[in-house]
Amino acid sequence: MKTIHVAAGRPYDIRIGGGLLRELPALLTGICGERRPRLALITDDRVNALADGARRPVPDLQAALEAAGYPVCKFVFPNGEASKTLDTVQKVYGFLSANSITRTDLILAVGGGVVGDLAGFAAATWLRGVSFVQVPTTLLAMVDSSVGGKTGVDIPEGKNLVGAFWQPSFVACDTDMLSFLPAETFADGMAEVIKYGAILDESLFSLLEAGAPGDRLREIIARCVDLKRQVVEEDERDRGLRQILNFGHTFGHAIEKESAFSVTHGQGVAIGMALMARACERVGLTPAGTADRIARCCALHGLPTRTDYPLETLCAHAMGDKKRAGDRLTLVTLERLGKATLHPVGAAELPDFMKGGAGR
Ligand SMILES: NC(=O)c1ccc[n+]([C@@H]2O[C@H](COP(=O)([O-])OP(=O)(O)OC[C@H]3O[C@@H](n4cnc5c(N)ncnc54)[C@H](O)[C@@H]3O)[C@@H](O)[C@H]2O)c1
Ligand SMILES: [Zn+2]
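Here is what the cut-offs are and how they apply
- Residues numbered from 1 in each chain as written.
- Chains lettered and ligands numbered in written order.
- Predicted model: local features only at pLDDT ≥ 70, side-chain atom pairs only at ≥ 80, totals over all residues.
- Heavy atoms only, no water.
- Helix = DSSP H or I, 4+ residues; strand = E, 2+ residues; numbered from the N terminus.
- Buried < 20%, exposed > 50% of the residue type's maximum accessible area, 1.4 Å probe, protein only.
- Polar contact = N/O pair within 3.5 Å; in protein donor to acceptor, adjacent residues only side chain to side chain.
- Contact = heavy atoms within 4.5 Å.
- Near = heavy atom within 4 Å.
- Areas by Shrake-Rupley, 256 points an atom, 1.4 Å probe, with all protein chains shown as cover.
- Donors = N, O, S within 2.8 Å, 3.2 Å for Na, K, Ca; no water.
- Expected span 1.5 Å × (residues − 1).
- 1 Å grid on protein atoms, 1.4 Å probe; cavity = no way out; pocket = protein on both sides within 12 Å on 5 of 7 lines; lining within 4 Å.
- Points joined across faces, edges and corners; volume = space filled by probe spheres on them.
- Nonpolar A, V, L, I, M, F, W, Y, C, P; charged D, E, K, R; others polar.
- Phe/Tyr/Trp six-rings, centres within 6.5 Å; stacked < 30°, edge-to-face > 60°.
- Lys NZ or Arg CZ within 6 Å of the ring centre and 35° of its normal.

Visitor: How do you make sense of the side chain of S146 when you look at a structure like this?
Guide: In this fold, S146 is placed in the loop between α6 (139-145) and β7 (150-155). For S146, a relative accessible area of 1% translates into the label buried. Of note is the side chain of S146, whose polar atom sits 2.7 Å from the backbone oxygen of A141. When residues no more than four places from it in sequence are discounted, the contact partners of S146 are Y12, Q134, P136, A141, P168 and V171.

Pasting the structure below:
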């Protein structure tokens, strides 16, 4: 088991290892001591129903927590991004109220990024804030959404537009849970893993170029968590450096949106990284050959790198991105593999930049 300490405004540990769900009662006692707070377990229906022979991770976890003396109540909502809404949060509030969850109790989020973001937001706002523990169960949630304290939900006007910074008390990544993931969902997480290599760690990128993670998966997850930790510690509130984590995301989000979300987040990010690297190569911001390496690496991990959507359409979506500041947009470019830089462009120059016309 590996432990990474995050020195955020409210510090906490992230544990990574196989079989961690079984150890969770003991790990919770590490933060609760003799106290036995009520646990409000929040998960989605798919995660709740996962089963492998006699093993049923979430019901087993609930039984083990109860055996350790924790009273547990459980809220299960339909899986998928469509549930990440204020309507579901409202239902969670009803559940927390019905079970008399107070500020001394604990919310336990077990699931992917949707569960973590939604339960985290409920934790941030219920009674003006109760503690919460994250148990991420997708690769994406382990390497990305459970690190850094961003919580939130979607509204019809856009994704993640309503939220709060709210750090968990503890994060437990049980890598055994990844054995249940469909290949496409695993690949979605790999897009973020490749992103970390591209923006911060060339040796990680080279490792990924060598093929599937295999038995180095835990080490790779720990490396990604540690990279995000460093960025978050320096810029917890997303005012500067943290923006490099958006590499590939401006156009990734545009592609997701244009496809009415039939292109997944990871697929969009993979295409977005390749698009951005190609544009930056053409204007001399990124060394030649970088985009090809990114595209090959993404393809190796089951991710697409091209899109048929017209650049103008994608640029129009990008201008509507919430990360835009006034009439300027901050692009994340690569000085080289392993080193990202922020590059502001005027919104009007974006199509030209993406075609390689900028700077001429
Ligand atoms: N807070 C942040 O900093 C941050 C960062 C990145 C992404 N996000 C958010 O994360 C969300 C995406 O996360 P996600 O990709 O984990 O999506 P998700 O939570 O929807 O999970 C994807 C699917 O996998 C299922 N699943 C979860 N664990 C499983 C397992 N072990 N085995 C089999 N199936 C499993 C889920 O039920 C769901 O159907 C988005 O809403 C995004 O906005 C947040
Ligand atoms: Zn992402």
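Visitor: When you look at the environment of H343 in this model, what are you seeing that I'm missing?
Guide: Assignment of secondary structure puts H343 in strand β11 (residues 339-346). Owing to a relative accessible area of 22%, H343 belongs among the partly exposed residues under this scheme. Separated by 58 residues in the primary sequence, H343 and L285 place their C-alpha atoms 9.7 Å from one another. Ignoring sequence-local partners within four residues, the contact set of H343 consists of L285, L329, T330, L331, T333 and F353.

Visitor: So what exactly am I meant to see when it comes to the site of ligand 1 here?
Guide: Lining the immediate surroundings of ligand 1 are 24 residues, of which D44, E81, G113, T137 and T138 lie closest. Side-chain polar atom of T137 to a nitrogen atom of ligand 1: 2.7 Å apart, as the coordinates give it. Within the contact set of ligand 1, an oxygen atom lies 2.6 Å away from a side-chain nitrogen or oxygen of T138. Contact with the protein chains removes 89% of the 860 Å² of surface that ligand 1 exposes when unbound.

Visitor: I keep staring at the coordination of the zinc ion (ligand 2) and nothing clicks. Help me out?
Guide: The protein atoms that coordinate the zinc ion (ligand 2) are E192 (OE), H249 (NE2) and H265 (NE2), at distances of 2.0 to 2.1 Å. If you list the donors of the zinc ion (ligand 2) from N- to C-terminus, the spacing comes out as E-x56-H-x15-H. In this pair, E192 sits in helix α7 (residues 183-200) while H265 sits in helix α11 (residues 265-282), placing the two residues 73 residues apart along the sequence. Grouping residues by exposure puts E192 and H265 together as buried.

Visitor: Would you explain the side chain of T43 in this entry?
Guide: Take T43: it is sitting in strand β3 (residues 39-44). Excluding residues that lie within four positions of it along the chain, T43 makes contacts with N48, V58, F75, V76, F77, V110 and V115.

Visitor: Before we go on, may I ask you to explain α11 in this structure?
Guide: Residues lying three or four places apart along an α-helix face the same way, a consequence of the helix completing one turn every 3.6 residues. The first and last C-alpha atoms of α11 sit 26 Å apart over 18 residues, in line with the 26 Å expected at 1.5 Å per residue. For α11, a buried count of 16 out of 18 residues is recorded, marking the element as mostly surrounded by other parts of the structure. Of the residues trailing α11, G284 is marked for its positive phi of about 80°.

Visitor: Explain empty space enclosed by the protein to me, please; I cannot follow it from the model alone.
Guide: Empty space among the atoms can be located by rolling a probe the size of a water molecule over them. Going through the model one piece at a time under the given rule, you end up with 2 cavities of 30 Å³ or more. Quantified by volume, the second largest cavity comes out at close to 50 Å³. Residue lining of the second largest cavity: N246, F247, G248, H249, T250, F251, G272, M276, L331 and V332, and that is the complete set. Among the secondary structure elements, those contributing two or more residues to the lining of the second largest cavity are α10 (249-258), α11 and β10 (328-336). It is α10 that provides the largest number of residues to the lining of the second largest cavity, a total of 3 residues. Residues that form the lining of the second largest cavity fall into these classes: 5 nonpolar, 5 polar and no charged.

Visitor: For this particular structure, what's the right way to read the packing of aromatic side chains?
Guide: Aromatic ring pairs are described here by two measures, namely the spacing of the ring centres and the angle between the planes. Evaluation of the coordinates by the stated rule reveals 3 aromatic pairs. Look at F75 and F77: their rings are 6.5 Å apart centre to centre, the planes differ by 35°, and that puts the pair in the tilted class. Note on accessibility: F75 and F77 belong to one class, buried. Geometrically, the ring pair formed by F75 and F95 is tilted, given 5.4 Å between the ring centres and 45° between the ring planes. Taken together, the residues span a long stretch of sequence, with F75 in strand β4 (residues 72-77) and F95 in helix α4 (residues 86-98) at a distance of 20 residues. Here the two residues F75 and F95 agree in accessibility, since each one is buried. An aromatic cluster is defined as three or more aromatic residues linked by ring pairs; in this entry it consists of F75, F77 and F95. For the cation-ring pair, R10 lies above W166, with the distance from its terminal atom to the ring centre recorded as 4.6 Å. In this structure, R36 is placed above the aromatic ring of Y70, and the distance from its NZ or CZ to the ring centre is 4.5 Å.

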